[in-house]
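Breakdown of the fold
Below, each chain spelled out in residue letters.
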Amino acid sequence: MKKIASLLIGVLICVVGCDNTFSIYQGRDLKIGVIGAIPEVREENIDFQVITFEELKYNTESLSKELDAIMIMKEFLHEADDDQYVAAYRALTIPTFFMQSTKVHVPFVNEGVQYDDIIEVDPANFSTGFLDLGTDEKINEHTWRYTLGKKQNIQDVYSQIFATIESVSSL
C-alpha cells in the first residue's frame, strides 16, 4: 500500500510540478526582417535582418522573395499604423507580425485607423500575425494571435511563431 501511495504522490508531483515547455522550433532555416531591435531567441536556425519602413513601403516584392516574414517590434507600432504602410502589409506575400500589439492587426491594415484610437482587444496578446492572400475579387486574410500562457515564456511564443512562418509557405 505504501508503494502505491508513494507512486501516486510521485506522479501527482510530476503532473503538478512539471512545466509545459514548448518545443524549440527545429524546422527549416528562416530569414526574418525586423523593424526594431532583434529579439533574443533560442533557435540557431533563425537569421534576422534589420529592415526599415522605407524598404517595406517600396520593396514589398523583393522582401517577399528574400524573407520568410517580417516582425515589427513594440517600439515601432505607433509608426507602423501610418496609412502609407497599409498597402505594403497587404501586398506582402509573407506574414507580418506586430509584436506586443494589444490592439491586434486592425490599426495597421486599415486606412484611417490609428493605434491610439483603437481599444485594447487583448491585453495578454504578445504577437499578432497578418497575411493578405486575397485578390480584388476575393478576400483571403490570415491572422494569428499569440498570448503568453501561465506556463509559457517569450521563447516558447517565438518558437510557435517560427512554426507558423514555416507552415505559411504551404498556403
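Residue positions are given per chain, counting from 1 as you read along its sequence in written order. Predicted model: local features are reported for residues with pLDDT of at least 70 only, side-chain atom pairs are reported and counted for 80 or more only, and whole-chain, interface and lining totals are derived from all residues. Side-chain measures were taken over the full set of non-hydrogen atoms in the model, leaving aside hydrogen atoms and water.

Quick word on unusual backbone geometry
Of note in the backbone geometry, Gln-100 takes a positive phi value of approximately 65° without being a glycine. Numbered from the N terminus, helices here are DSSP runs of H or I no shorter than four residues, and strands are runs of E no shorter than two. Structurally, the position occupied by Gln-100 is in the loop between β4 (96-99) and α6 (106-109). Any residue under 20% of the maximum accessible area for its type is buried, any over 50% is exposed, and the rest in between are partly exposed; the area is computed with a 1.4 Å probe on protein chains only. Judged by its relative accessible area of 35%, Gln-100 is partly exposed.

What about helix α7 (residues 154-168)?
The end-to-end C-alpha distance of α7 is 21 Å, a good match for the 21 Å that 15 residues give at a rise of 1.5 Å each. Residue contacts are counted whenever heavy atoms from the two residues lie within 4.5 Å of one another. Taken together, the buried residues of α7 touch β1 (30-35), β2 (46-50), β3 (69-72), β4, β5 (125-132) and β6 (141-147). Each helix should span, by expectation, one fewer than its residue count multiplied by 1.5 Å.

Notes on the pairing of β1
A large share of β1 lies buried, amounting to five of its six residues. Two strands are counted as paired when DSSP detects at least two bridges linking them. For β1 and β2, the ladder comprises five bridges, and the chain directions are parallel. From the neighbouring strand, Leu-30 faces β2, where its bridge partner is Ile-46. Sheet topology note: the β1/β3 ladder contains four bridges and is parallel. Each residue of the ladder has a partner; that of Ile-32, found in β3, is Ala-69.

With respect to the nonpolar core
Throughout this description, the term nonpolar core refers to a set of buried Ala, Val, Leu, Ile, Met, Phe, Trp, Tyr and Cys residues connected via side-chain atoms within 4.5 Å. Ile-32, Met-71, Phe-97, Met-99, Ile-161, Phe-162 and Ile-165 are the most contacted members of the largest nonpolar core, which totals 21 residues. Looking at this core, the elements with two or more residues in it are β1, β2, β3, β4, β5, β6 and α7. If one sorts the elements of this core by residue count, α7 sits on top with six residues. In this structure Phe-97 touches Ala-69, Ile-70, Met-71, Ile-72, Ser-127, Thr-128, Gly-129, Tyr-146, Ile-161, Thr-164 and Ile-165, once residues within four positions along its chain are discounted.

Quick look at the pattern of salt bridges
What makes a salt bridge here is a side-chain nitrogen of Lys or Arg within 4 Å of a carboxyl oxygen of Asp or Glu, nothing more. Taken as a whole and assessed by the stated rule, the structure comprises five salt bridges. With a shortest N-O distance of 3.4 Å, Lys-65 and Glu-61 are connected by a salt bridge. Placement of the pair is Lys-65 and Glu-61 together in helix α3 (residues 60-66), with a separation of four residues, close to one helical turn. Comparing Lys-65 with Glu-61 shows no difference in burial state: the two are exposed. Here Arg-90 makes a salt bridge to Asp-132, at a shortest N to O gap of 2.9 Å. Highlighted residues: Arg-90 in helix α5 (residues 86-91) and Asp-132 in strand β5, separated in sequence by 42 residues. Taken together, the salt bridges that share partners define one network made up of Arg-90, Asp-132 and Glu-141.

Overview of the environment of Thr-147
Inspection of the secondary structure assignment puts Thr-147 in strand β6. Sequence separation between Thr-147 and Phe-126 is 21 residues; the distance between their C-alpha atoms is 5.0 Å. Those residues in contact with Thr-147 that sit more than four places away from it in its chain are Asp-122, Ala-124, Asn-125, Phe-126, Gln-152 and Val-157.

Everything listed here is a matter of geometry and, on its own, says nothing about what the molecule does.
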